[in-house]
Amino acid sequence: ADVITLPAKNGDITFNHKKHQDTLKDCKACHEKGPGKIEGFGKDFAHKTCKGCHADKGAGPTKCAECHKK
Ligand code: HEM
Ligand code: HEM
Ligand code: HEM
């Protein structure tokens, strides 16, 4: 799917996988061990890898409610 819904009790995250693939052109930014399910994916990964990249690049959401939408 181009867009993946990541469920969280404080609001689901709508993740545009296709857009990240196209703009980053680097699967390993998220898939260290190759494409597919990400082992241990969840809160810690998201807040480090996802939010971390957005902060580093100054692009993409870093505030809770920008990702978590009820
Ligand atoms: C899931 C491939 C880049 C984040 C997946 C899946 C595949 C895949 C095959 C499994 C889909 C499914 O289960 O339906 C790729 C390829 C990439 C790429 C080939 C490079 C062209 C990225 C990037 C990110 C990312 C850059 C992060 C910015 C995710 C996430 C999931 C996922 C969060 C869901 C993981 C899970 O449910 O455990 N990807 N991906 N992917 N991908 Fe990627
Ligand atoms: C998971 C809180 C910011 C993306 C979670 C969970 C909590 C949480 C409590 C666990 C939910 C559950 O277990 O059901 C917060 C708070 C934030 C914040 C308080 C602000 C300080 C963000 C941001 C992003 C993000 C900015 C996006 C860049 C995610 C993702 C998950 C998650 C993808 C994992 C969802 C899954 O496992 O399917 N967050 N979050 N969060 N958060 Fe956040
Ligand atoms: C934008 C979520 C990982 C770079 C966004 C947006 C969301 C999001 C919700 C804003 C809406 C959108 O444009 O689609 C996530 C989640 C991640 C993740 C849940 C982890 C699974 C990453 C990583 C990087 C990255 C690892 C960089 C290595 C960006 C950039 C933008 C963005 C540059 C803004 C530019 C654009 O719209 O293409 N992300 N992201 N993200 N993300 Fe992520």
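The shown structure was predicted, so the numbers you read here are calculated from the model rather than taken from an experiment.

Trainee: I keep staring at the site of ligand 1 and nothing clicks. Help me out?
Mentor: Residues in contact with ligand 1 amount to 15 residues; listed here are only the nearest, His17, Cys27, Cys30, His31 and Ile38. In the environment of ligand 1, a nitrogen atom lies 2.8 Å from a nitrogen or oxygen atom belonging to the side chain of His17. At 2.8 Å from an oxygen atom of ligand 1 is found a main-chain nitrogen or oxygen belonging to Ile38. Judged by its atoms lying within 2 Å of the grid points, ligand 1 is housed in the largest pocket. The residue makeup of the shell around ligand 1, split by class, is eight nonpolar, five polar and two charged.

Trainee: Where do I start with the pairing of strand E1 (residues 3-6) in this structure?
Mentor: Here E1 runs beside strand E2 (residues 13-16); their pairing, made up of four bridges, is antiparallel. Paired with Thr5 across the bridge in E2 is Thr14.

Trainee: I would appreciate a short explanation of the coordination of the iron atom of ligand 3 in the present structure.
Mentor: Each pair of donors in an ideal octahedron of six around a metal sits at 90 or 180 degrees, and each pair in an ideal tetrahedron of four sits at 109.5 degrees. Within the protein, the iron atom of ligand 3 binds to His20 (NE2) and His54 (NE2); these donor distances fall in the range 2.0 to 2.1 Å. With six donor atoms in place around the iron atom of ligand 3 and angles of 87 to 179° between them, the coordination shape is octahedral. Of this pair, His20 sits in helix H1 (residues 17-24) while His54 sits in helix H2 (residues 43-57); the two residues are 34 residues apart in sequence, bridging distant segments of the chain. Residue class for His54 comes out buried when judged on its relative accessible area of 14%.

Trainee: Looking at this structure, I do not really get the site of ligand 3. What am I missing?
Mentor: In the neighbourhood of ligand 3, 19 residues make up the surrounding shell, with Lys19, His20, Cys50, Cys53 and His54 lying closest. Note that an oxygen atom of ligand 3 is positioned 2.7 Å from one of the side-chain N or O atoms of Lys19. Between His54 and ligand 3, the recorded distance is 2.8 Å, taken from a side-chain N or O atom to a nitrogen atom. When atom positions are compared with the pocket grids, ligand 3 is found to occupy the largest pocket.

Trainee: Quick question: what am I supposed to make of the coordination of the iron atom of ligand 2 here?
Mentor: Within the protein, the atoms that donate to the iron atom of ligand 2 are His47 (NE2) and His68 (NE2), at distances of 2.0 Å. For the iron atom of ligand 2, the six donor atoms in the first shell make angles of 89 to 180° at the metal, so the coordination geometry reads as octahedral. Here His47 is found in helix H2, whereas its partner His68 is found in the segment after helix H3 (64-67), with 21 residues between them in sequence.

Trainee: Is there a simple way to explain the pattern of salt bridges in this structure?
Mentor: Two side chains that carry opposite charge are able to pair once their charged atoms sit near each other. Evaluated as defined, the whole model comprises two salt bridges. The shortest N-O distance in the salt bridge between Asp22 and Lys18 comes to 2.8 Å. Residue Asp22 and its partner Lys18 are located together in helix H1, separated by four residues, close to a single helical turn. Accessibility expressed as a relative area gives 41% for Asp22, which makes it partly exposed. Judged by its relative accessible area of 36%, Lys18 is partly exposed. We note a salt bridge from Lys33 to Glu39, for which the minimum N-O separation is 3.5 Å.

Conventions used here
All residue numbers refer to positions counted from 1 along the written sequence of the respective chain. Written order determines the labels here, with chains lettered from A and ligands numbered from 1. The predicted nature of this model means local features are confined to residues of pLDDT at least 70 and side-chain atom pairs, given and counted, to a pLDDT of 80 or more, with totals for whole chains, interfaces and linings taken over all residues. Side-chain figures throughout are based on the complete set of non-hydrogen atoms in the structure, without hydrogens or water. Near residues are defined by distance, with any heavy atom within 4 Å of the molecule or strand qualifying the residue. Definition of a polar contact: a pair of N or O atoms within 3.5 Å, with one able to donate and the other able to accept a hydrogen when the atoms are protein atoms, and with sequence-neighbouring residues admitted only if both atoms are side-chain atoms. A 1.4 Å probe that fits but cannot get out identifies a cavity on a 1 Å grid over protein atoms alone, an open set with protein on both sides within 12 Å along at least five of seven lines counts as a pocket, and a residue lines either if it has an atom within 4 Å of a point. Molecule-in-pocket calls rest on the fraction of atoms, with more than half required to lie within 2 Å of the cavity or pocket grid points. All residues other than Ala, Val, Leu, Ile, Met, Phe, Trp, Tyr, Cys, Pro, Asp, Glu, Lys and Arg, Gly among them, are scored as polar; the first ten of these are nonpolar and the last four charged. Two strands qualify as a pair provided that DSSP identifies no fewer than 2 bridges between them. Comment: elements are numbered from the N terminus, with helices defined as DSSP H or I runs of at least four residues and strands as E runs of at least two. Any N, O or S atom lying within 2.8 Å of the metal counts as a donor, and for Na, K and Ca the limit rises to 3.2 Å; water is left out, so some sites can look incomplete. Under the classification used here, a metal with four donors is tetrahedral if each angle lies between 85 and 135 degrees, square planar if opposite donors are over 155 degrees apart and the others between 65 and 115, a six-donor metal meeting that same test is octahedral, and anything else is irregular. Relative accessibility decides the category of a residue: with a 1.4 Å probe and only protein chains considered, values under 20% of the type maximum give buried, values over 50% give exposed, and everything between is partly exposed. The term salt bridge refers to a pairing of a side-chain nitrogen on Lys or Arg with a carboxyl oxygen on Asp or Glu at a separation within 4 Å.

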